[in-house]
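Each chain is listed here by its residues.
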Amino acid sequence: MSELTAAQLKDGGNELFKKQDYVGATAKYTQAIALDDKNAILYANRAACHHALCRYLDAVDDAHMATELDPSYPKGWSRLAASRDAVADWEKSAYAWQKALDALPKTNLTPAERQQKDQYTAGLKGVRKRLDQPPIVPLTVNAKSGKLPWQVAEEMLPELREAGLARASSSAWVISSAYEEFSKGVEMMKGMRKVPHPDAPGGFAPYGNLDGLTSLSNGLMRDHRVFHIDQPNWISLYNKQVWFEVTAREAWDSEGLETVKELAQKRLKEKGWNNVRSALSVTVRAWIMRAAFDGNLRQEPQAGVEYYKRALDLLEWGRNIWKDVPKSSRGAIFEHSFLIGVRGLYLNMFMNAYTTDPGLNSKFPLEQLKEEAEDLLKETDIALRTRSNEPVDPGFISSFISYPAGIAHSMLGLYHVQMARYGSNPVERMFSFAKGAEAYMIAASKYPEDDELRAWYFNCTLDCMRNAGIPIDNFLMVATGLRESVPKMKKIWAISELALGGRDQKIQANLDRADELMKLVVEKKLTLNDPVPL
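Residues numbered from 1 in each chain as written. Predicted model: local features only at pLDDT ≥ 70, side-chain atom pairs only at ≥ 80, totals over all residues. Heavy atoms only, no water.

A. Representation of the environment of Leu384 within the structure. Mapped onto the elements, Leu384 comes out in helix 17 (residues 366-385). The class of Leu384 is exposed, set by a relative accessible area of 51%. Along the chain, Leu384 and Phe400 lie 16 residues apart, while their C-alpha atoms are 9.7 Å from each other. (Helix = DSSP H or I, 4+ residues; strand = E, 2+ residues; numbered from the N terminus. Buried < 20%, exposed > 50% of the residue type's maximum accessible area, 1.4 Å probe, protein only.)

B. Representation of the packing of aromatic side chains in the model. With the rule as written, the count across this model stands at 20 aromatic pairs. With 5.8 Å between their ring centres and 10° between their planes, Trp150 and Tyr179 make a pair best called stacked. Taken as a pair, Trp150 in helix 8 (residues 149-163) and Tyr179 in helix 9 (residues 171-190) lie far apart in primary sequence, 29 residues in all. Site record: aromatic cluster; members linked through ring pairs are Phe182, Phe227, Trp234, Tyr238 and Phe293. The ring of Trp287 has Arg310 sitting right over it, with the charged end atom 5.7 Å from the ring centre. The lysine or arginine in question, Lys370, covers the ring of Tyr415, its NZ or CZ lying 5.7 Å from the ring centre. (Phe/Tyr/Trp six-rings, centres within 6.5 Å; stacked < 30°, edge-to-face > 60°. Lys NZ or Arg CZ within 6 Å of the ring centre and 35° of its normal.)

C. Structural detail: helix 10 (residues 212-222). Across the eleven residues that make up helix 10, a large majority, ten, are buried. Those residues of helix 10 not exposed but buried are Gly212, Leu213, Ser215, Leu216, Ser217, Asn218, Gly219, Leu220, Met221 and Arg222. Where helix 10 is buried, its residues contact helix 9, helix 11 (234-249), helix 13 (273-297), helix 16 (336-356) and helix 18 (396-421). (Contact = heavy atoms within 4.5 Å.)

D. Layout of the side chain of Asp451. By secondary structure assignment, the location of Asp451 is in the loop between helix 19 (426-445) and helix 20 (452-468). Those residues within four positions of Asp451 in sequence are excluded, and the remaining contacts are Ser171, Arg225, Tyr403, Met489 and Trp493.

E. Region of interest: the environment of Ile507. Locating Ile507 in the fold gives a position in helix 23 (residues 503-522). Put simply, Ile507 and Ala264 are 243 residues apart on the chain and 50 Å apart in space, counted from C-alpha to C-alpha. In this structure, Ile507 is in contact with Ala455, Trp456, Asn459, Leu482, Val486 and Met489, ignoring residues within four places of it in sequence.

F. Highlighting the environment of Glu91. When you line up the elements, Glu91 lands in helix 6 (residues 90-103). Using a relative accessible area of 63% as the deciding quantity, one classes Glu91 as exposed.

G. Structural context of the pattern of salt bridges. One pass over the full model with this rule turns up 31 salt bridges. Of the charged contacts in the structure, one is a salt bridge between Asp61 and Arg310, with a shortest N-O distance of 2.6 Å. Taken together, the residues span a long stretch of sequence, with Asp61 in helix 4 (residues 56-69) and Arg310 in helix 14 (residues 301-321) at a distance of 249 residues. For the residue pair Asp61 and Arg310, the accessibility class agrees, reading buried in each case. Across the pair Asp393 and Arg222 runs a salt bridge whose closest N-O atoms are separated by 2.5 Å. With Asp393 in the loop between helix 17 and helix 18 and Arg222 in helix 10, the pair connects residues that are 171 residues apart, well separated along the chain. Exposure remark for Asp393: the relative accessible area of 29% places this residue in the partly exposed category. Through salt bridges with shared partners, a single network forms among Asp223, Arg225, Asp451, Glu452, Arg503 and Asp504. (Salt bridge = Lys/Arg side-chain N within 4 Å of Asp/Glu carboxyl O.)

Nothing here speaks to function; it is all geometry.
And the structure:
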């Protein structure tokens, strides 16, 4: 039996695509590309599959290849535009939509081409509307804001050190370590300058520290709440730092994921670990920072999810194929703690993306959120059981084991709450709220008593209890824990993004409810065994 040709494989992929078997169609197009890797249509078709499977960055990679191979192919540009749309890259999307329109005939359009023109015109119009919106003001801090968590934490450190083990559990250790790393990266950005160089364009070459991305991303993994901007030209400085590190380390800044894997292995044979280690580190850390920018500054969490997914894919791949390579060779990014740190960031971003498209048919499925949370819990459990005796700072275990476990349990809490809200059976809804309360209680226990998230997840527990028919006695016990946490929390976390979002008012509402219930119990209008009234 003769081998199938690229054309036959393409036809097979087209049939599977029509049946919405996008995984099968992807496989067919990949086989066809192996036989005909200069065919723009094959890449464009595979891009459509990636897009349908919500693999938007993979779709960008293939669509970009299609436009490189055949700049006159309208569908290549339109699929690149649609994929750029999906990751909120509006300027490049507008460019691609315009190129798609330019690639169509100017006159005598067929019905299919007229339909394409209408589609591309609508796409371009939608993107321009997004570009015309007022820019999002970045999260900034200044002296008038009051003392920020890391500033309070730094003031507390002498006292904590003197107390020793008695005060080993405090969010001050975590946020101060995060700030130390993050601010170190910022100082490296600010230290970038040009120095005279006879061989450089214009006679000057950039000079700076090559560890800026390392410090910035380490700070984020320590505690993502440390992300902030403290001067108007922060983003410009950051972009220069990224360019400097990508250039100096020969990192991959525009290649697709599979291409990076292929090139990394090839370069490893040619240049060894000293080159590849730093190149992969810059590549992965740049993706992590891009995810943070998209999710936090641009308020486009769907794009942040894509970049975190890409980083995780590369990390898991590298940990697998280089599992026997020591850390000194392959680098810190393939350590278990690093993987857990990125997983925690990814889960938070996935949750934020879900809130943009909530419901049982969300583009960010609740079942996937649950599965990812359970996977992270397995990872933190393994990390706890296999932890080495290597000395670490007081906040390390919190940052890379306890906090990620807390994130995972809180996501399970969110999952159960959402299942309750979209459920129709009253008994099942109450049961889901009860499971949500249990998950949030566990999440709260993973944080020190002075972390705002401990208090916040206690509050989420009470919200669930109010809908689950939980006995008043249980509600009051959790409320007592919340009441004790609030003043400790406010010592460090008086100012935070959560606080600005109404944290304290929502907590006070539940504490007031607890007081009302206690009064009704004292007046013997209710008993401690009665369910919390809705």
